[in-house]
Amino acid sequence: MLPERTDVLVVGAGPTGLAAAVTLAGHGMTATVVDRLPTPPLTSRAAVVHAGTLEVLDRIGVAAPLAARGLPSTRFTVRDRDRVLLTVPFDRLPSRYPYALLVSQAETEAVLADRLTGLGGRVLRPYELTGLDLDGAGATATFAGGETVRARWVVGADGMRSRVRELAGIGFGGPADPGESFLLADLRVDSALPRDQVNLFLARQGPLVWAPLPGGPVRLVAAVDDAPREPEARHFQALLDERGPARRPDRVTDVLWSSRFRIHHRIASSYRSGPVLLAGDAAHVHSPAGGQGMNLGLRDAVALGDALAAVLAGGPDTLLDAYAAARRPLAEEVLGFAAGLTRLTAVPPAARPLRDLVLRAASGLAPVRRRLAVRLAGFEPTGR
Ligand SMILES: Cc1cc2nc3c(=O)[nH]c(=O)nc-3n(C[C@H](O)[C@H](O)[C@H](O)COP(=O)(O)OP(=O)(O)OC[C@H]3O[C@@H](n4cnc5c(N)ncnc54)[C@H](O)[C@@H]3O)c2cc1C
């Protein structure tokens, strides 16, 4: 049952809301965590957790159990069909987790939820936030069943279509068109590609990401002009045929899960409005190229949990302004990086040889490879 009052109301028990609640609980602070869904989703969705994120999750006791459930990938490779243009090695990263961890989002959420339970917290379901009245001393949240909760602070971790963001009047502008269209699936494939690396194929028709998942399946993510409503094996086979390896082509044998989505590149105009703080997809969304979205949200969540805990312990609430001011530029950087990866595929045919030359030259330079690895892995300046 919902409490009448709480110090912190976390709206949304996706990876961001769970990580914020675990961080607070680790500091000995209790948050009320609500989600509108009756049970957690079981689908795989975001499938990569990078080393920089694992380092942050280590601080809240989540990295080791998560690593035990995932598949480490030691390289990120950019290809044009059979040609390797650029290899980014993760195995020299300055980390206890020198790899990109391939693991289903359902597993990531389950590990976070287990940790929260271990620290005495839990998620209250199904409670859908429908109203939020803000005042100088906090906020009164209203739920679909008519319940109300008075909170000193409200964390909007309720995803891309955040109700908290909307009710707090925080802008999330962007173009009116429906955004980039993506198809994704977890498949079984006969493939000659090595299973210790994530591959990005730069095809004329758009990017195709190929990533090995624990237990044998492969995750495909492709930008497409028009995604079919119910993607089938033949759609993914066609994508592999037009963009994937040519000499020894992959063969799809089974589709385990598939989906489609459209996405814009957007950032909230501010991460704080009075008692409301935003984190994760509620604060930023962008293309899945580079697998950065959920990672950025997890790192937001730990930073916000630390800041809120310090304020609850008597610190000044300017710490929350510092959170907002520090995290938004990081989202701008990640959006720019994801857009850059997408632009690499949009190069016109005449300029492709030059692009490939530049990538291969970059691949030969150890400092460039190292910088790219650190960038992809999501290491952030300390203190943000
Ligand atoms: C099909 C699909 C595939 C994806 N693939 C990738 C990928 O390959 N790589 C990648 O980086 N990212 C991917 N993403 C995005 C990734 O899933 C998100 O970045 C990540 O889930 C963000 O976490 P979050 O906790 O901020 O938000 P969410 O995971 O969206 O969680 C928000 C939570 O808030 C709850 N909620 C919403 N509104 C309310 C309300 N009014 N009241 C109470 N609860 C509410 C929701 O039920 C949900 O549980 C994918 C997303 C989808 C849908």
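Note that the structure is a prediction, hence the values are computed from the model and not measured.

How each quantity is defined
Residues numbered from 1 in each chain as written. Predicted model: local features only at pLDDT ≥ 70, side-chain atom pairs only at ≥ 80, totals over all residues. Heavy atoms only, no water. Helix = DSSP H or I, 4+ residues; strand = E, 2+ residues; numbered from the N terminus. Rg over C-alpha atoms; globule rule 2.2 N^0.38 Å. Buried < 20%, exposed > 50% of the residue type's maximum accessible area, 1.4 Å probe, protein only. Contact = heavy atoms within 4.5 Å. Areas by Shrake-Rupley, 256 points an atom, 1.4 Å probe, with all protein chains shown as cover. Lys, Arg positive; Asp, Glu negative; His and termini not counted. Charge placed at Lys NZ, Arg CZ, Asp CG, Glu CD. Core = buried A, V, L, I, M, F, W, Y, C linked by side-chain atoms within 4.5 Å. Axes fitted to C-alpha atoms, helices over the stretch in contact; angles between N-to-C directions. Parallel < 35°, antiparallel > 145°, perpendicular 65-115°, else oblique. Nonpolar A, V, L, I, M, F, W, Y, C, P; charged D, E, K, R; others polar. Near = heavy atom within 4 Å. Polar contact = N/O pair within 3.5 Å; in protein donor to acceptor, adjacent residues only side chain to side chain. Salt bridge = Lys/Arg side-chain N within 4 Å of Asp/Glu carboxyl O. Pairing = 2+ DSSP bridges.

Draft legend 1. Seen up close, the overall build of the chain. What the chain contains, in helices and strands, is 10 helices and 20 strands. A globule of 384 residues ought to have a C-alpha radius of gyration of about 21 Å, and the chain, at 21 Å, matches this closely. With the C-alpha coordinates aligned to their principal axes, the bounding extent of the chain is approximately 65 × 45 × 40 Å. Out of the 384 residues in the chain, the part that is buried amounts to 53%. Pairs at least 24 residues apart make up 74% of the contacts formed inside the chain by residues separated by at least 6 positions. Per element, the accessible surface of the chain, about 16,200 Å² overall, is 54% carbon and sulfur. Of the side-chain charges in the chain, 45 are positive and 39 negative, and the distance between the mean point of each set is 6 Å.

Draft legend 2. Region of interest: the nonpolar core. Counting 110 residues, the largest nonpolar core has Phe143 and Tyr323 as the members making the most contacts within it. Considering each element in turn, this core owes the most residues, 11 residues, to helix α7 (residues 293-312). In this view, Tyr323 contacts Tyr271, Leu277, Leu278, Ala279, Asp300, Ala303, Leu304 and Ala307; residues no more than four positions away in its chain are not counted. Core analysis: the second largest hydrophobic core is formed by 17 residues, Val189, Leu208, Leu240 and Val252 among them.

Draft legend 3. View of the packing of α7 against helix α8 (residues 318-345). At a minimum axis separation of 9 Å, α7 and α8 run at an interaxial angle of 170 degrees. Between α7 and α8, the angle is such that the two are roughly antiparallel. Residues Leu296, Arg299, Asp300, Ala303, Leu304, Ala307, Leu308, Ala310 and Val311 of α7 lie in contact with α8, whose contacting residues are Leu319, Leu320, Tyr323, Arg327, Ala331 and Val334. Tallied by class, the residues present in the contact of α7 with α8 amount to 12 nonpolar, no polar and 3 charged.

Draft legend 4. Fine view of the site of the ligand. Among the 29 residues in the neighbourhood of the ligand, the closest are listed as Thr16, Asp35, Gln105, Leu129 and Asp281. Asp35 has a polar side-chain atom sitting 2.6 Å from an oxygen atom of the ligand. Between the ligand and Gln105 there is a distance of 2.8 Å, counted from an oxygen atom to a side-chain nitrogen or oxygen. In isolation the ligand offers 990 Å² of accessible surface; the protein chains occlude 84% of this area. At the level of elements, α1 (15-26), β16 (251-263) and α7 are the ones that each hand at least two residues to the shell around the ligand. The dominant element in the shell around the ligand, judged by the number of residues it contributes, is β16, at 3 residues.

Draft legend 5. Structural context of the pattern of salt bridges. By the definition in use, this model includes 24 salt bridges. With a shortest N-O distance of 3.3 Å, Glu109 and Arg45 are connected by a salt bridge. Of this pair, Glu109 sits in helix α4 (residues 105-118) while Arg45 sits in the loop between β2 (31-34) and β3 (48-49), placing them 64 residues apart in sequence. The class for Glu109 is buried, based on a relative accessible area of 5%. Across the pair Glu380 and Arg327 runs a salt bridge whose closest N-O atoms are separated by 2.7 Å. A residue pair is termed long-range when its members are at least 10 positions apart, and Glu380 in the segment after α10 (366-377) and Arg327 in helix α8 qualify at 53 residues. Glu380 sits in the partly exposed class, given a relative accessible area of 22%.

Draft legend 6. Geometry of the sheet that holds strand β13 (residues 197-203). Ordered in space as β6-β5-β13-β14-β15-β12-β16, the 7 strands form an open sheet in which the pairing is mixed. The open sheet has two edge strands, β6 (83-89) and β16, and neither has a second partner. On average, adjacent strands in this sheet sit at an angle of 20 degrees to one another, irrespective of strand direction. Strand direction decides the pairing type here: strand β12 (residues 180-190) and β16, joined by 11 bridges, are antiparallel. Across the sheet, residue Leu183 finds its bridge partner in β16, namely Arg260. Helix α6 (residues 233-243) contacts β12, β13, β14 (206-212), β15 (218-223) and β16 of the sheet and is inclined by roughly 90 degrees relative to β16.

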